[in-house]
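# Understanding the architecture of this molecule
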Amino acid sequence: MKSAAEALRLLREGNHRYTQGIVDPDVVDRRSAASHYIEKQTPHSIVIGCSDSRVPVELLFDQALGDVFVIRVAGNIVSRAQLGSVEFAASFFGTRLVVVLGHSGCGAVKAALQHRQNPSPVVSPNIQYLIDAIEPNIASVPVNEDTDDSDITHDVHDQAMRANVLAVVNKLCAESELLKSLSEQDGLTIVGAEYDVHSGRVAFLETA
Ligand SMILES: [Zn+2]
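Scoring rules and cut-offs
Residues numbered from 1 in each chain as written. Predicted model: local features only at pLDDT ≥ 70, side-chain atom pairs only at ≥ 80, totals over all residues. Heavy atoms only, no water. Salt bridge = Lys/Arg side-chain N within 4 Å of Asp/Glu carboxyl O. Helix = DSSP H or I, 4+ residues; strand = E, 2+ residues; numbered from the N terminus. Buried < 20%, exposed > 50% of the residue type's maximum accessible area, 1.4 Å probe, protein only. Core = buried A, V, L, I, M, F, W, Y, C linked by side-chain atoms within 4.5 Å. Axes fitted to C-alpha atoms, helices over the stretch in contact; angles between N-to-C directions. Parallel < 35°, antiparallel > 145°, perpendicular 65-115°, else oblique. Contact = heavy atoms within 4.5 Å. Nonpolar A, V, L, I, M, F, W, Y, C, P; charged D, E, K, R; others polar. Pairing = 2+ DSSP bridges.

## Observations regarding the pattern of salt bridges
Scanning the entire structure with this criterion turns up 6 salt bridges. A salt bridge links R9 to E13; the nearest nitrogen and oxygen atoms lie 3.2 Å apart. With R9 and E13 both in helix α1 (residues 4-20) and 4 residues apart, this pair spans about one turn of that helix. What makes E13 partly exposed here is its relative accessible area of 36%.

Listed below in structure tokens is the structure:
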């Protein structure tokens, strides 16, 4: 199994290829010759990303089938189902890198910011659940509660996206004894990252 550092290098290199419009021929070969993944998967990375249609994790890291264990949910939040999914890959496949991937222009984060400005009921309790999961994560981001939705600047939106990513990174160990123990004793590394939908670039965030 690859170490967290090796996995991080593969993701960085893959994203660099993606921004250059290059696809690794080996990745293409492994995509077309998928049969050897049928028996067993050994993903080197776990990625928790947003469901946003502009954030296709395997493509933007130029990775093949079997490389990345991907969990996608609006706002890249973590509830018990996502925690269990991360634990599953980390314990059964030995995957040692977990990336929490936010992105610019995240609609779920924007909805949570708007809800802070104007806390009226949303259209469905299930969407409310998503907003309720994001709101505490972005509580430190200053919004002007006297203005309307259109006054959320790109800067505030980006700050909130980053705060949400870092809160989810912290939550993974705070709410999972298994992940905490793997990260303290067995090389598991959890990092935050942000994807810029304009440039295609992923920047990894400094985290503890
Ligand atoms: Zn999003």
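Now, onward.
## Comments concerning unusual backbone geometry
Of note, the phi angle at D62 is positive, near 45°, even though the residue is not glycine. Examined against the element boundaries, D62 turns out to sit in the loop between α3 (57-60) and β2 (68-72). Look at D62 and you get buried, because its relative accessible area is 2%. Even without being glycine, N76 reaches a positive phi, approximately 40°.

## Thoughts on the nonpolar core
Ranked by internal contacts, the top residues of the largest apolar core, which has 22 residues, are I46, I48, V86, V98 and L172. When contributions to this core are tallied by element, the ones reaching two or more residues are β1 (45-49), β2, α4 (80-92), β3 (97-103), α7 (154-174) and α8 (177-185). Among the elements that make up this core, the one with the highest residue count is α7 (5 residues). Formed by 18 residues, the second largest nonpolar core is a distinct cluster that contains V47, A193, Y195 and V202.

## Overview of the packing of helix α5 (residues 107-117) against helix α6 (residues 125-134)
Where α5 contacts α6, the two axes come as close as 9 Å, and the packing angle between them is 80°. With respect to α6, the axis of α5 lies roughly perpendicular. When α5 is examined against α6, the residues A108, V109, A111, A112 and H115 are found in contact with a partner set consisting of Q128, I131 and I134. Taken together, the residues of the contact of α5 with α6 break down into 6 nonpolar, 2 polar and no charged.

## Examining the pairing of strand β4 (residues 189-195)
A large share of β4 lies buried, amounting to 6 of its 7 residues. In this sheet, β4 lies alongside β3 in parallel orientation, the contact comprising 7 bridges. The residue of β4 that forms the bridge with V99 is V191. With 3 bridges joining them, β4 and strand β5 (residues 202-204) adopt antiparallel strand pairing.

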